[in-house]
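Next come the chains, spelled out residue by residue.
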Amino acid sequence: MDEERFKESIFHTRTTQQKKYPGERLIASKGREPSAVKCFSQDLPLGIATKVRVVNSPYSCEYEKYGFVFHVVPLDQNLGEEYSALQREMNRFCLKSSSLRAFPTVGQYVLFFRANIAYRAVCNSDLTVYLIDTGEVVPTKLSQLWDISDGFALLPGLVIPCSIFGISWVKSSPFVLDNCRNALKQWSDSYVNGLTATVNKYSGLVNVVQLEAMADGVIENFAVSITAKGLCTRQSYTHNRYSRETLLDIRNSEASRRMPYLSSKNYVEEIIIGLQTVSVA
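Criteria and thresholds
- Residues numbered from 1 in each chain as written.
- Predicted model: local features only at pLDDT ≥ 70, side-chain atom pairs only at ≥ 80, totals over all residues.
- Heavy atoms only, no water.
- Pairing = 2+ DSSP bridges.
- Helix = DSSP H or I, 4+ residues; strand = E, 2+ residues; numbered from the N terminus.
- Buried < 20%, exposed > 50% of the residue type's maximum accessible area, 1.4 Å probe, protein only.
- Expected span 1.5 Å × (residues − 1).
- Core = buried A, V, L, I, M, F, W, Y, C linked by side-chain atoms within 4.5 Å.
- Contact = heavy atoms within 4.5 Å.

Within an unreviewed UniProt entry, the label attached to the chain reads Tudor domain protein, and the organism entered is Dictyocaulus viviparus.

Trainee: So what exactly am I meant to see when it comes to the pairing of strand E10 (residues 195–203) here?
Mentor: It is a general feature of regular strands that their side chains alternate between the two faces of the sheet. The pairing of strand E1 (residues 50–55) with E10 spans three bridges and is antiparallel. Counterpart to Val 52 in the pairing with E10 is Leu 195. One ladder, built from seven bridges, connects E10 with strand E11 (residues 206–215); its direction is antiparallel. From the neighbouring strand, Thr 198 faces E11, where its bridge partner is Gln 210.

Trainee: How should I be thinking about unusual backbone geometry in this particular structure?
Mentor: The bulk of non-glycine residues show a negative phi, and the bulk of peptide bonds are trans. At Asp 76, a position not held by glycine, the phi torsion is positive, near 55°. Positionally, Asp 76 belongs in the loop between strand E2 (70–74) and helix H1 (81–96). The class of Asp 76 is exposed, set by a relative accessible area of 75%. Its identity is not glycine, yet Asp 216 carries a phi of approximately 55°, on the positive side. Counting through the fold element by element, Asp 216 comes out in the loop between E11 and strand E12 (218–221). Under the relative-accessibility criterion, Asp 216 is labelled exposed at 82%.

Trainee: Would you mind showing me how to read helix H2 (residues 174–189) here?
Mentor: An α-helical turn contains 3.6 residues, so any two residues separated by three or four positions project in the same direction. Here H2 contains 16 residues, and its C-alpha end-to-end distance of 22 Å stays within 8% of the 22 Å for a straight helix at 1.5 Å per residue. Those residues of H2 that fall on the buried side of the exposure criterion are Val 176, Leu 177, Asp 178, Cys 180, Arg 181, Leu 184, Trp 187 and Ser 188.

Trainee: What should I look at first to understand the sheet that holds strand E5 (residues 128–131) in this one?
Mentor: Note on sheets: strands pair through backbone hydrogen bonds, and any given pair is parallel or antiparallel. Read across the sheet, five strands follow the order E6-E5-E4-E3-E7 without closing on themselves; strand pairing throughout is antiparallel. The sheet terminates laterally at strand E6 (137–139) and strand E7 (145–146), the two strands that pair on one side only. Of the strand pairs in this sheet, strand E4 (residues 117–123) and E5 are connected by three bridges, and their pairing is antiparallel. Paired with Ala 121 across the two strands is Leu 131, which belongs to E5.

Trainee: Would you explain the nonpolar core in this entry?
Mentor: A general tendency of soluble globular proteins is for nonpolar side chains to be buried together. Counting residues in each nonpolar core, the largest one holds 26 residues, and the members touching the most others are Leu 44, Phe 68, Phe 70, Leu 211 and Phe 222. If you list the elements that add at least two residues to this core, you get E1, E2, strand E8 (160–164), H2, E10, E11 and helix H3 (222–228). In terms of residue count, H2 provides more of this core than any other element does, four residues in total. When residues no more than four places from it in sequence are discounted, the contact partners of Phe 68 are Cys 61, Cys 162, Ser 163, Ile 164, Trp 169, Leu 177, Cys 180, Arg 181, Leu 184 and Phe 222.

Here's what the structure looks like:
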C-alpha cells in the first residue's frame, strides 16, 4: 500500500496527541484562499466481510486513473469520540470565521457548510462539491465554502474507493464503466440491508473487493452478474495442492525440480490434507 494511506480499518481510527483541532488558528476577517490540504480515505479490513452501501462517486470513470472505481460507506461503523470532536470543531470554525474568497479548483479540499453543519468535501466541478464522509454530490456557492486545515484532515474520510476483484473488462470505455457504476448503485439501493464487501487486496488507494448481496437465501455476486452480460471476463487463478508428504519432501532437490512452484526455501505455514489442516514447523 502507499505510504500515505491510512492503514486503520473501519473499526480503528487514527489516534493523535492533539486534544483540539487547530482550525481556529485559521480565522480571518476577510476570507481566505483555498489551502492545499488533502484528505485520505479509510480502508475496509482485509479478508473480513463487511456490510456496505454504494454511494455516489466524485468523478466520472473517464477521470479515474484506476479504471472502474466505485465508492462505498460501511454500515454500522463505530466511529468513536474522535469524529464527534471533529464535527464540533468544524462547526465552530465555520461559525466564527469567514468563508473562502476564491472558488476552489477541482481536486481541492474544503469545508462545506449547510444548515449549521460543516462537512469535509472535495471540489469535483465548477458548481459542485463531493462530501467525503457521506458520498453526496451537492451544488454549492462560494458563501458555503470554508478553508480546511491540516487538523480537520487527520481522521480518514468515511467514503472508500473500491474496485471489483477478479475481472478483466472486455469493453472499458468511460461510457460503459459509468453505466456499470450507475447499475451497481441501483443494485445496492435495492438491498435495504446493504451489500457484503470483502477486500482481497489493496491497489494504491483503492480497495479491491468481492461484492455480494443476499436475498431469500440466494447469494448474488456482482462480478458474476456483469460477466454474464458480456461486459467482462472472470480471471482464473491456479491453485496447486500437494500432500503433506510431498511438501515435506521439497528438501529433496529432485522433488523440487519436479515442482516448479515450490522450492526448499519456501516457508510452508499450513498444509491442507482433505478436510484436515496440519501445521508445519
